[in-house]
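# Structural features, examined
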Amino acid sequence: MNICSTDDEYCQNLINAFADILPNLAIKGDAEEPFYKAPTANTHAILYFRSNYPRSLLHEISHYCLAGDRRRGLDDFGYWYAPCGRTAEEQQRFEVVEARPQGLEKAMCEIIGLRFSPSLDDFSGRPPSESFLQELELAYQEMQLNPPPTANKVLSGLNDYWEINGLAYIPARLGEGLRGFC
């Protein structure tokens, strides 16, 4: 069994797995903000995730899987982004578009043994709405039972990669409180 004891090791194994699964996508960590750079005639698409944080990588991959071919041709998949400090209406719109990617993220976390918790990308102290949590759970069930083609490819490939390489993750940070297989 190979143990990933740091977020850097964990992220590198995820990058290696996704390189096999999605060979036309370059993945880079240490970004201040996550971003997707659409492919050009001479380059592959590049997905940037935040500061070698495994959940950021999984979240951005979820957006890639669900974007579809047209949106994958647009920087940041053509989505809008409003930073923290959103109005209640803006937060509600955010929750509507985030439930499905987070459902896929939850399914990937389960495969690799990483704790999942919903992300509202909102530091106002507002709890997640019941409708968001319900939609997230429905999306998670969809990803378990009938994922779209790219999501299915990623879920299957990630599961295979972790099993073949015998990977396990033991978090180095004390507050995480979990020990499990990745």
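See the structure printed just above.
Residues numbered from 1 in each chain as written. Predicted model: local features only at pLDDT ≥ 70, side-chain atom pairs only at ≥ 80, totals over all residues. Heavy atoms only, no water.

### Concerning the overall build of the protein
- Each helix and strand counted, the protein has five helices and six strands in total.
- What you see in the protein, going N to C, is helices and strands ordered as β-α-β-β-β-α-α-α-α-β-β.
- Sorting the 182 residues of the protein into buried and exposed places 43% on the buried side.
- As presented, the protein carries roughly 9,900 Å² of accessible surface, and 52% of it is formed by carbon and sulfur atoms. (Helix = DSSP H or I, 4+ residues; strand = E, 2+ residues; numbered from the N terminus. Buried < 20%, exposed > 50% of the residue type's maximum accessible area, 1.4 Å probe, protein only. Areas by Shrake-Rupley, 256 points an atom, 1.4 Å probe, with all protein chains shown as cover.)

### Digging into the sheet that holds strand β4 (residues 45–50)
- An order of β2-β4-β3 is seen for the three strands of this open sheet, with the pairing classed as mixed. Here the strands that pair on one side only, and so sit at the sheet edges, are β2 (25–31) and β3 (35–37). Across the sheet, the mean angle from the axis of one strand to that of its neighbour is 20 degrees, orientation sign disregarded.
- Alignment of β2 against β4, held across five bridges, turns out to be parallel. Considered in β4, the bridge of Ala-31 is made with Arg-50.
- On top of the sheet, helix α2 (residues 54–72) reaches β2, β3 and β4; it is set at about 150 degrees to β4, its chief contact. (Pairing = 2+ DSSP bridges. Axes fitted to C-alpha atoms, helices over the stretch in contact; angles between N-to-C directions. Contact = heavy atoms within 4.5 Å.)

### Topic: the environment of Ala-31
- Examined against the element boundaries, Ala-31 turns out to sit in strand β2.
- Measuring from C-alpha to C-alpha, the distance between Ala-31 and Phe-49 comes to 5.7 Å, with 18 residues separating the pair along the chain.
- Those residues in contact with Ala-31, other than ones at most four positions away along the chain, are Tyr-48, Phe-49, Arg-50 and Ser-51.

### As for the environment of Pro-54
- For Pro-54, the position within the fold is in helix α2.
- Assessed through its relative accessible area of 4%, Pro-54 is described here as buried.
- With 40 residues separating them along the chain, Pro-54 and Leu-14 place their C-alpha atoms 7.9 Å apart.

### Digging into the pattern of salt bridges
- If you walk through the whole model with that rule in mind, you get six salt bridges.
- Note that Asp-75 is salt-bridged to Lys-37, the shortest N-O span being 3.4 Å. Placement of the pair is Asp-75 in the loop between α2 and α3 (88–112) and Lys-37 in strand β3, with a sequence separation of 38 residues.
- Owing to a relative accessible area of 36%, Lys-37 belongs among the partly exposed residues under this scheme.
- With its nearest N and O atoms 2.9 Å apart, the salt bridge here joins Glu-137 to Lys-106. In this pair, Glu-137 is assigned in helix α4 (residues 130–145) and Lys-106 in helix α3, connecting sequence segments 31 residues apart.
- Note on Lys-106: relative accessible area 22%, which makes it partly exposed. (Salt bridge = Lys/Arg side-chain N within 4 Å of Asp/Glu carboxyl O.)

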